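Structural description and commentary
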Amino acid sequence: QMDGGDFLLSMAQIGLAFAGFTGLITTFRQQPGHTLSMRELNGVKFILQHCLGLTFLSLLPFPLFYWLGRDLFWQISHLLLAGVLGIAIIDLIYKFYKIKRSKPEEFKKIYFKAAICFYCVPSAAFLILGLIYSSIGTLVSYSFGLIYLLFQVAVQFWLFLKENRIIDLLNSNLLKSTDE
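Below or above, wherever it landed, is the structure these notes cover. Just so we're clear, the structure is a prediction, and the values are computed from it rather than from any experiment.

Rules and cut-offs
Residues numbered from 1 in each chain as written. Predicted model: local features only at pLDDT ≥ 70, side-chain atom pairs only at ≥ 80, totals over all residues. Heavy atoms only, no water. Phe/Tyr/Trp six-rings, centres within 6.5 Å; stacked < 30°, edge-to-face > 60°. Buried < 20%, exposed > 50% of the residue type's maximum accessible area, 1.4 Å probe, protein only. Core = buried A, V, L, I, M, F, W, Y, C linked by side-chain atoms within 4.5 Å. Helix = DSSP H or I, 4+ residues; strand = E, 2+ residues; numbered from the N terminus. Axes fitted to C-alpha atoms, helices over the stretch in contact; angles between N-to-C directions. Parallel < 35°, antiparallel > 145°, perpendicular 65-115°, else oblique. Left-handed = near helix turned anticlockwise from the far one by under 90°. Contact = heavy atoms within 4.5 Å.

1. A closer look at the packing of aromatic side chains
Remark: the centre distance and the inter-plane angle together describe each pair of aromatic rings, the angle taken between the planes. Under the definition given, this model contains 5 aromatic pairs. Between F65 and F73, the ring centres sit 5.1 Å apart and the planes meet at 80°, which makes this aromatic pair edge-to-face. Exposure remark for F65: the relative accessible area of 9% places this residue in the buried category. Ring-pair connections join several aromatic residues into one group, and the members of that group are F65, Y66, F73, W74 and Y142.

What follows is the structure, given as C-alpha cells:
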C-alpha cells in the first residue's frame with residue numbers, strides 16, 4: 001500500500017471542487033448584457049489550469065507506484081511537479097511580456113509586481129526544491145508542492161470573488177501614491 005494515498009486523494013478532490021465552484025461562479029456572473037473582463041477571464045483560466053494540474057499531480061503517484069514500485073515513484077513525481085512549475089513560470093512570464101508590449105500602462109500597476117513576488121519567486125523556489133528532492137523524494141516534500149499549488153488556487157479564487165473591490169482599492173491607493 002502506498003503511503004499518503006488519502007492525502008493525495010483529498011488534494012485531488014479539493015482541486016476538482018475549486019474548479020467546479022469557479023465554473024458555477026462564472027456562470028452566475030454572466031448576466032444578459034454583461035461579459036467577463038479580461039482580468040476575470042484570465043483568473044478563471046488560472047484557476048482551472050492550476051486545479052487540473054493539482055488534480056493530475058495528486059493522482060499521478062498512484063499509477064507510478066504500481067508501475068515503478070516503491071523506490072522510484074516519488075522521484076519521478078517530484079520531477080514532474082518541478083516540470084509543471086517550470087512550465088507555469090514560463091507561461092506567466094510570457095503573459096507578462098505580452099501585456100507589457102500591448103498595454104504598458106497596465107503593466108506598471110501594482111498587481112503585476114505583486115504577482116511576480118507572490119507567484120514567480122515561490123514557484124521558482126518550489127521548482128528548485130522539486131529538483132533537489134527528486135533524488136530522495138518523499139511524501140512530505142511532494143505534499144508541500146501540492147499545498148503550494150492549492151494556496152495559489154485559493155488566493156486566485158478569493159481574488160476572483162472579490163474582483164471589483166480589490167481592483168478599486170489597488171487603483172485608489174495607486175492614485176494616492178502618484179498624487180503625493
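2. Here's the deal with the nonpolar core
By size, the foremost hydrophobic cluster in this structure holds 32 residues, and its most contacted members are L57, Y119, Y142 and L146. Contributing elements (two or more residues each) for this core: helix 1 (5-29), helix 2 (38-59), helix 3 (61-68), helix 4 (73-102), helix 6 (110-133) and helix 7 (139-161). Per element, the largest residue contribution to this core is 8 residues, and it comes from helix 7.

3. Things to note about the packing of helix 1 against helix 2
Two quantities define a packed helix pair, namely the angle between the helix axes and the distance between the axes. Where helix 1 meets helix 2, the axes come as close as 8 Å, and the angle between the chain directions of the two elements is 160°. In terms of orientation, helix 1 lies roughly antiparallel with respect to helix 2. By crossing handedness, the relation of helix 1 to helix 2 is classed as left-handed. Between helix 1, through L8, L9, M11, A12, G15, L16, F18, A19, T22, T26 and R29, and helix 2, the contact on the second element is made entirely by E40, V44, I47, L48, C51, L54, T55, S58 and L59.

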